[in-house]
Amino acid sequence: MTGFLSLGERTAVGAKAHVFFGRLLTDESYWRLLHCDTVREIVEYLKSLPGFAPYLLSVSPEIHRAELEDVLEMLPLRETLTFLGYLTGGQRAYLRCWIDLYEADLLKRTMRSLFSRKQDREQLRQRFALIPKPSFSSETLLSSRSYEEFLEALSGSGYYRVLREPLAKLSDEGGSLFSAETAVDLHVLSALFRAAGKVDSCNGAGILSLVGTMVDLLNVSWLH
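Since the model is a prediction, treat every value here as computed from it, not as a measurement. Position numbers for residues count from 1 along each chain, tracking the sequence in the order it is written. Note on the predicted model: pLDDT of at least 70 is required for a residue's local features to be given, and 80 or more for side-chain atom pairs to be given and counted; whole-chain, interface and lining totals, by contrast, use all residues. Excluding hydrogens and water, the side-chain values take into account all heavy atoms of the structure.

## Comments concerning the environment of Leu 186
Here is step 1: In DSSP terms, a helix is any run of H or I states spanning at least four residues, a strand is any run of E spanning at least two, and both are numbered starting from the N terminus. Take Leu 186: it is sitting in helix H12 (residues 178–196).
Here is step 2: For the pair Leu 186 and Leu 101, spaced 85 residues apart in the sequence, the C-alpha separation amounts to 11 Å.

Put into structure tokens, the structure is as follows:
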């Protein structure tokens, strides 16, 4: 079965995961953060922690809150990418689908920038650079100036099929991005759920439960 990890994979992944686990914020760290009065204080404290320091060395203490949030949001992806080279089979396929959640989020952000007519996409470009082997040309997508160009940039990817109808309707009738965004979410979560079902039985049940929780939370957000 392709889902099981070899002894070498278990050893390498286990050691790396142990290191990352040791860098998680403690209760004391959260209390320290809660007592920070400014973004500068938060940045300076995070720079003192081994789990954050390597990623924040070049971050200015004067960074804006939203910019800091953008940096922190991408840290799980940065650390996840280090596991790809150690995995094969079902585990690697699942991890790749999890990374695709970030790709889908960036796609939706680009779609929102097109919808709002805000064309400054340099931050999105920097984020896309972290995605390994994206399923479409991010540069072509970021250069799009209409829904037709946006859709064409996705040609050849799974997103093209699921977005063709909602984007055509949006272009003809106007409205919101809700249908287009839900189509993207369903596409990537369905792929993640299928991949989770192919992970070995030792880990598969737990992963399926986590994916199920993600779907539940997404349903709640849609209802909201």
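Back to the write-up after that little detour.
## Focus on the packing of helix H7 (residues 89–116) against H12
Here is step 1: Following both chains from N to C, one finds H7 and H12 inclined at 175°, their axes separated by 9 Å at the closest point. Taken together, the axis directions place H7 and H12 in an arrangement best described as roughly antiparallel. Along the contact surface, H7 presents Ala 93, Tyr 94, Cys 97, Trp 98, Asp 100, Leu 101, Ala 104, Leu 107, Lys 108, Met 111 and Arg 112, while H12 presents Ala 180, Glu 181, Val 184, Asp 185, Val 188, Leu 189, Ala 191, Leu 192, Ala 195 and Ala 196.
Here is step 2: Any residue that is not Ala, Val, Leu, Ile, Met, Phe, Trp, Tyr, Cys, Pro, Asp, Glu, Lys or Arg is counted as polar, Gly included; the first ten are nonpolar and the last four charged. Taken together, the residues of the contact of H7 with H12 break down into 16 nonpolar, no polar and 5 charged. Lines fitted to C-alpha atoms define the axes here, with helix axes fitted over just the stretch in contact, and angles between the N-to-C directions of these axes take values from 0 to 180 degrees. Should an angle fall under 35 degrees it is called roughly parallel, over 145 degrees roughly antiparallel, and 65 to 115 degrees roughly perpendicular, with every other angle called oblique. Only heavy atoms enter the contact rule, under which two residues are in contact if any of them lie within 4.5 Å.

## Quick notes on unusual backbone geometry
Here is step 1: A positive phi angle, near 45°, is found at Lys 133, a position not held by glycine.
Here is step 2: With respect to the helices and strands, the residue Lys 133 is situated in the loop between helix H8 (122–128) and helix H9 (138–142).

## Notes on the nonpolar core
Here is step 1: Put simply, a nonpolar core is a bunch of buried Ala, Val, Leu, Ile, Met, Phe, Trp, Tyr and Cys residues held in one set by side-chain atoms that sit within 4.5 Å of each other. Only protein chains enter the accessibility calculation, which uses a 1.4 Å probe; a residue whose area is less than 20% of its type maximum is buried, one above 50% is exposed, and one in between is partly exposed. Counting 48 residues, the largest nonpolar core has Leu 107, Phe 150, Tyr 159, Leu 163 and Leu 167 as the members making the most contacts within it.
Here is step 2: Every element with two or more residues in this core is listed here: helix H1 (7–22), H7, H8, H9, helix H10 (147–153), helix H11 (158–173), H12 and helix H13 (201–223).
Here is step 3: Of the residues forming this core, the biggest block, 11 residues, is contributed by H7.
Here is step 4: Each residue touching Leu 107, except ones within four places of it in the same chain, is listed here: Phe 128, Phe 136, Leu 141, Phe 150, Leu 154, Tyr 159, Leu 163 and Val 184.
Here is step 5: Core analysis: the second largest hydrophobic core is formed by 11 residues, Val 43, Leu 46, Leu 68 and Leu 75 among them.

## What about the packing of H11 against H12?
Here is step 1: As a packed pair, H11 and H12 sit with axes 9 Å apart at the nearest point and diverge in direction by 155°. By the angle class used here, H11 and H12 are roughly antiparallel. Relative to H12, the crossing made by H11 is right-handed. Across the interface between the two elements, Gly 158, Tyr 159, Arg 161, Val 162, Leu 163, Pro 166 and Leu 167 of H11 pack against Ser 179, Ala 180, Ala 183, Val 184, His 187 and Val 188 of H12.
Here is step 2: Of the residues belonging to the contact of H11 with H12, the class tally is 9 nonpolar, 3 polar and 1 charged. Take the far helix as your reference; a near helix turned counterclockwise from it by less than a right angle gives a left-handed crossing, and one turned clockwise gives a right-handed crossing.

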